[in-house]
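# Residue-level structural notes
Here is how the chains run, residue by residue.
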Amino acid sequence: MRTSQPQTIYLSDYKVPAYLVDTVDLRFELFEDGARVHSTLELRRNPESDETAAPLELDGDSLTLESVALNGAELAAGDYEDRGDQLVVRSVPEQFTLTVVTWIEPQNNTRLEGLYKSSGMFCTQCEAEGFRCITFFPDRPDVMARFRTRIEANKDAYPVLLSNGNDVEKGELENGRHFVTWEDPFPKPCYLFALVAGDLVEKRDTFSTCSGRDIDLRMYVEPRNAEKCDHAMDSLKRSMRWDEEVYGREYDLDIFMIVAVDDFNMGAMENKGLNIFNSSCVLASQETATDLAFQRIEAIVAHEYFHNWSGNRVTCRDWFQLSLKEGFTVFRDSQFSADMGSPTVKRIEDVTLLRTAQFAEDGGPMSHPVRPASYMEISNFYTLTIYEKGAEVVRMIHTLLGPDMFRKGSDLYFKRHDGQAVTTDDFVKAMEDASGRDLSQFRLWYEQAGTPVLAISDDFDAETGVYRLTIEQSIPDTPGQTNKKPQHIPFALGLLGQDGQPLPLQLESGDSGAPTERVLELTEAVHTFEFHGVESRPVPSLLRHFSAPVRVRYNWTREQLLFLMSHDPDGFNRWDAGQRLAVDVIQSLVNAPDDAEIDPRLVEAYRKLISDADLDQALVAKMLQLPSEAYLIELTDKADVPAIHRAREAVLRHLAGALKGELLGCYQRHQGSGPYEVTPEAIARRSLRNTALAWLLMIDDEEGRGLAVSQLNAADNMTDRMGALRALVNSGYEADRQKALDHFYDRFQDDPQVVEQWFSVQASSDQAGQLADIRKLLEHPAFDWKNPNKIRSVVGAFAGQNLAAFHKPDGSGYEFLADQVCRLDDSNPQIAARLATPLTRWRKFAPAYSAQMKSALERIRDKSGLSRDVYEVVHKSLA
Ligand code: 0A1
Ligand code: ZN
């Protein structure tokens, strides 16, 4: 809880640590009313520090200090100072042993940082600064030490005791207690420390590495989840193999463990050798998890595993470098997912998230560079910018260098910095040194915030056969940054002739063997490129594969977009052309009269898509998804959300009405037979069917209703069950909706992950999730204010996905959210700050809305004892 105004921390103030820690010896005595932590540190002065007489300062948070000893002798009260957030020992020798005993109360820890309890088990979350909630320690990632951890607890209640590394000793103690000691041979920062104690079942497997070592793979879950581990285990083995084959990275310990916990602030955590997962990001079975969940789990398991090299072996010097590990690891996990399924579909999914949510963040009050220059609360910087834009930045290096040089660069990076805590600049330097390329201007991607805008114009000279493309880049101002310099942007493009054929891109005339796709490099504010030997005005296919995280402004005609939708050889750009067309049609209907015509060409384009069985069905499934309301809002200044909602729904209904026959045909065609499989083809099939069903129910089609009800009853998997349930919930068939929801709950009420889906399907629906309904969900016996997943599935889904209900003109949605943020601020500040995000975007909306959003924010600002987390987002967004 805040007692004084939060301080801003600046990258420019970075200093090497005054003391280093060589070893950490921990002993945990776990009890029901608390835990005693004995910590023995071997410390020495850092020879690289110029602060020769600095006192020893250790970080702490919410600790009760019991004793401090220096070289075995207990210190008297005057020899040290316990400032609450710091333990200061004024006078220490060059090298010494410090023993600190603290008492903590995991059972009362609702922030879920440090050591806490979840469903009766003890577990930890130490990134970013949670270790200081366990014991006093130099809690910064550039202090790396070897850890030895002894855990003592009651044997019946906590038969499984885990920490990082290898178990080296175990035994019985008095009073029904036992202990296990773990030793991690790899020096690590304390944010990678983990401990788990509970009554868990163990699932085992093995993985044989490229050098022939057998790794013991273990998953620990609550007994009721024993049958939900296979998918994560298989994903883990695929990840381990992939990292060997694609990056040459072999696993280093003998054991790799995964634990599932129900109460967790984020998705998962890469603790050395002991990854801890939010249950919803690791447990899956055909009956309980959707295809989306299966894919998410595979990606997150891979992400955490890949951190073993990109994050753990080579870690961050300070938290400003967070994207060093996160951007690179997201890039790696997205390459992995692309390799496991369809690269085009994966790219579409990544870009959808980036353009919808990261662009919104980059254009909002919390906008920050991939390497921020300052922060108040580091937990607020686990953002889409650090993760997703950071991954795009690494992807651009990959594009500029090509795959072989990129691999050389990553090999050099891992070799040069193994065991070190480094910076994003070290990463770029390794890429430069390995490839011989100059990335000095490219580094601006790490320093400048904001999404670059490329304004593109073209002209064609029929006489000379020259097609000219002019690209002008600009980067909008963001908080604290104006007058930005042009960035180095890889811009992939192609040109299509009138017959739909790709044209050779001749930058000089006569080069008829020129490639049909090029990556142009933009470095200046304005570039003009000339393409020769062009017979007639081509259609440009711009920014293929989304080769840079930028906004493209080009005046496409609807004809051109329709042409690209069916001819572009780049699948990503085909999809993108469809999105741009749909956006254009929807935008033209916002605030138009009810009887305004909907462009018949859109209907025909969709008719073609639905009926063409020769097209890649996974791509068709993506192309049938209309741009989301969130994306449409992102593209709009002063958004009127209810009007956008109405326009989008009008287009959906119109399409569904006009294409009813095709939709029914599509539904039947993709019925599928045989056993359930999670392959790209099967996923596409289910997605197409469920989209067809959802559209049919949008027009209250009786046949569709019948299909939904029977699909719900007959489904042998959660994707189909949820598809039917969602379609019914979003339909006007109120009696069916309620019956379906009740029946679903009866069946799955004992499964928290499914109950979360049940909450969120209602909270995100404008039919079932009006404010009064949301309040009822909060009163539901399965709702739990202490569980972040439940909060996200009701409050988060309402404010983030049920946009028309949240943005009710009377402001009730905003008031509601402000109330929940205030309520959570006391118990879980990290979650409270994240939940406040929709309100922080108040400037984006039409005046009547934005004024009310702002006043809801002001109400949060005025709450007494506001946490640092919420303080930062609220103050920055009101500034
Ligand atoms: N490093 C983890 C995510 C993570 C970050 C912060 C946390 O607590 C504040 C917890 C987990 C990852 O990237 O998977
Ligand atoms: Zn990560």
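See the structure shown above.
Reference entry: report on the structure contained in this document. For every chain, the first residue of the written sequence is number 1, and numbering continues from 1 along that sequence. Working convention: letters from A go to chains and numbers from 1 go to ligands, in the order in which they are written. Where totals are concerned, whole chains, interfaces and linings use all residues; where local detail is concerned, this predicted model gives features only for residues with pLDDT of at least 70, and gives and counts side-chain atom pairs only at 80 or more. Heavy atoms from the whole structure form the basis of all side-chain values; hydrogens and water molecules are not counted.

### Some thoughts on the nonpolar core
The following threshold applies: Grouping buried Ala, Val, Leu, Ile, Met, Phe, Trp, Tyr and Cys residues that are joined through side-chain atoms within 4.5 Å yields what is termed a nonpolar core. Relative accessibility decides the category of a residue: with a 1.4 Å probe and only protein chains considered, values under 20% of the type maximum give buried, values over 50% give exposed, and everything between is partly exposed. Any pair of residues with heavy atoms lying within 4.5 Å of one another is described as a contacting pair.
Counting 287 residues, the largest nonpolar core has Leu30, Phe491 and Phe531 as the members making the most contacts within it. The contacts of Phe491, once residues within four sequence positions are left out, are Leu454, Ile456, Ile471, Arg518, Val519, Leu520, Leu522, Leu542, Leu543 and Ser547.

### Concerning the coordination of the zinc ion (ligand 2)
Applicable threshold: Any N, O or S atom lying within 2.8 Å of the metal counts as a donor, and for Na, K and Ca the limit rises to 3.2 Å; water is left out, so some sites can look incomplete. By the criteria applied here, four donors are tetrahedral when all angles lie between 85 and 135 degrees, four are square planar and six octahedral when opposite donors are over 155 degrees apart and every other angle lies between 65 and 115, and any other arrangement is irregular.
Looking at the zinc ion (ligand 2), one finds its protein donor set to be His303 (NE2), His307 (NE2) and Glu326 (OE), positioned 1.9 to 2.1 Å from the metal centre. Coordination geometry of the zinc ion (ligand 2): the four donor atoms subtend angles of 97 to 128° at the metal centre, consistent with an arrangement described as tetrahedral. Looking at His303, the relative accessible area reads 9%, which means it is buried. On the basis of relative accessibility, which here comes to 0%, the residue His307 falls in the buried class.

### Describing the environment of Glu270
Worth spelling out the cut-off: Helical segments are the DSSP runs of H or I of at least four residues, strand segments are the runs of E of at least two, and each set is numbered from the N terminus.
Take Glu270: it is sitting in the loop between strand E20 (268-269) and strand E21 (274-278). Residue classification places Glu270 among the buried positions, given a relative accessible area of 2%. Sequence spacing of Glu270 and His303 is 33 residues, and the spatial spacing of their C-alpha atoms is 8.4 Å. Apart from the residues lying within four places of it in its own chain, the contact partners of Glu270 are Glu127, Tyr191, Leu192, Asn275, Glu304, His307, Asn312, Lys325 and Glu326.

### What to know about helix H27 (residues 847-861)
Put simply, the rule is: One less than the number of residues in a helix, times 1.5 Å, gives the span that helix is expected to have. The directions considered for the arc are those from the helix axis to the C-beta atoms.
Taking 1.5 Å of rise per residue, 15 residues should cover 21 Å, and H27 covers 21 Å from first to last C-alpha, within 8% of that figure. Taken together, the buried positions of H27 are occupied by Tyr849, Ser850, Met853, Ala856, Leu857 and Ile860. Summarising the axial view, the buried residues of H27 lie within an arc of 120°, below the 170-degree limit, and thus occupy one face. Exposed residues pointing more than 90 degrees away from the buried face of H27 are listed as Pro847 and Ala848.

### Quick look at the sheet that holds strand E29 (residues 526-531)
Where we set the bar: Here, any two strands with at least 2 DSSP bridges between them count as paired. Only the contacting stretch of a helix is used when fitting its axis, a line to C-alpha atoms as for every element, and angles between N-to-C directions run 0 to 180 degrees.
The strand order across the open sheet formed by four strands is E29-E26-E25-E31, and the pairing between neighbours is mixed. The outermost strands of the open sheet, each flanked by one partner alone, are E29 and strand E31 (551-553). When the angles between neighbouring strand axes are averaged without regard to direction, this sheet yields 25°. For strand E26 (residues 466-474) and E29, the ladder comprises six bridges, and the chain directions are antiparallel. Along E29, the bridge assignment pairs Thr470 with Thr528.

### Some details on the packing of aromatic side chains
The test is simple: Aromatic pairing here means that ring centres of Phe, Tyr or Trp (its six-membered ring) are within 6.5 Å. Orientation follows from the plane angle: under 30 degrees is stacked, over 60 is edge-to-face, and everything else is tilted. Put simply, a charge is over a ring when the Lys NZ or the Arg CZ is close to the ring centre, within 6 Å, and near the line of the ring normal, within 35 degrees.
Throughout the structure, instances matching the rule amount to 45 aromatic pairs. With a centroid separation of 5.8 Å and an interplanar angle of 15°, the aromatic rings of Phe28 and Phe193 are classed as stacked. Here Phe28, found in strand E2 (residues 19-31), pairs with Phe193, found in the loop between strand E15 (177-188) and strand E16 (195-198); they are 165 residues apart in sequence, far enough to count as distant. For Phe193, a relative accessible area of 0% puts it in the buried group. Relative to Tyr413, the ring of Phe328 lies with its centre 6.1 Å away and its plane at 75°, an arrangement referred to as edge-to-face. One end of the pair, Phe328, is in helix H3 (residues 322-340); the other, Tyr413, is in helix H6 (residues 403-417), with 85 residues separating them in the sequence. The ring of Phe122 has Lys117 lying over it, and the distance from NZ or CZ to the ring centre is 4.5 Å.

### Points about the pattern of salt bridges
Quick reminder of the rule: One speaks of a salt bridge when a side-chain nitrogen belonging to Lys or Arg is within 4 Å of a carboxyl oxygen belonging to Asp or Glu.
In the structure shown here, the tally under the stated rule is 83 salt bridges. The partner of Glu66 in a salt bridge is Arg36, with the nearest N and O atoms 2.6 Å apart. A residue pair is termed long-range when its members are at least 10 positions apart, and Glu66 in strand E5 (residues 64-70) and Arg36 in strand E3 (residues 34-45) qualify at 30 residues. Among the residues examined, Arg36 registers a relative accessible area of 23% and is labelled partly exposed. Residue Arg544 pairs with Glu517 through a salt bridge whose shortest N-O separation is 3.1 Å. With Arg544 in the loop between strand E30 (539-542) and E31 and Glu517 in the loop between strand E27 (489-496) and strand E28 (518-522), the pair connects residues that are 27 residues apart, well separated along the chain.

### Quick look at the site of ligand 1
Formally: Definition of nearness: a residue and a molecule or strand are near each other if at least one heavy atom of the residue lies within 4 Å of the molecule or strand. Polar contact criterion, stated in full: a pair of N or O atoms within 3.5 Å, where within protein one must be able to donate a hydrogen and the other to accept it, and residues adjacent in sequence count only if both atoms are side-chain atoms. Here the accessible surface of atoms and residues is derived via Shrake-Rupley with a 1.4 Å probe, and residues count as covered only by protein chains that are part of the display.
In the vicinity of ligand 1 lie 14 residues, with Glu127, Glu270, Glu304, Glu326 and Tyr387 positioned nearest. The side chain of Lys325 places a nitrogen or oxygen atom 3.5 Å from a nitrogen atom of ligand 1. The side chain of Tyr387 places a nitrogen or oxygen atom 2.7 Å from an oxygen atom of ligand 1. The protein chains hide 96% of the 370 Å² of surface that ligand 1 would expose on its own.

### A few points about unusual backbone geometry
Glycine aside, residues mostly have negative phi, and peptide bonds are mostly found in the trans state. In this model, Glu127 is joined to Ala128 through a cis peptide bond whose omega is -5°. By secondary structure assignment, the location of Ala128 is in the loop between strand E11 (121-125) and strand E12 (145-154). With a phi angle near 55°, Ser62 is a residue other than glycine that sits in the positive phi range. Counting through the fold element by element, Ser62 comes out in the loop between strand E4 (56-59) and E5.

### Details of the packing of helix H17 (residues 702-714) against helix H18 (residues 718-729)
This is how it is decided: In a left-handed crossing the near helix is turned counterclockwise from the far helix by less than a right angle, and in a right-handed crossing that turn is clockwise. Residues were grouped as follows: Ala, Val, Leu, Ile, Met, Phe, Trp, Tyr, Cys and Pro as nonpolar; Asp, Glu, Lys and Arg as charged; and all remaining residues, including Gly, as polar.
Relative to each other, H17 and H18 sit at 145°, their axes nearing to 8 Å. Considering only the axes of H17 and H18, their crossing is left-handed. The segment H17 lies against H18, with Ala708, Val709, Gln711 and Leu712 engaging Asp720, Arg721, Gly723, Ala724, Leu725 and Leu728. Residues that form the contact of H17 with H18 fall into these classes: six nonpolar, two polar and two charged.

### Here's the deal with the sheet that holds E16
Ordered by their spatial adjacency, four strands build an open sheet running E10-E11-E16-E13, and the pairing between neighbours is antiparallel. Each of the sheet's edge strands pairs with one partner strand only, and the pair in question is strand E10 (114-118) and strand E13 (160-163). On average, each strand axis in the sheet is tilted by 20° relative to the strand beside it, whichever way the strands run. When E11 meets E16, the two strands line up antiparallel, connected through two bridges. By the bridge assignment for E16, Cys123 is matched with Val196.

### A closer look at the pairing of strand E8 (residues 86-89)
In regular strands, side chains alternate between the two faces of the sheet. Of the two faces of E8, the one holding Gln86 and Val88 and the one holding Leu87 and Val89 are both buried throughout. Pairing of strand E7 (residues 80-82) with E8, which is carried by three bridges, proceeds in the antiparallel orientation. Its bridge partner being in E8, Tyr80 is matched across the sheet by Val89. Connecting E7 to the antiparallel partner E8 that follows it, the hairpin turn spans three residues, and Gly84 within it adopts a positive phi of roughly 90°.

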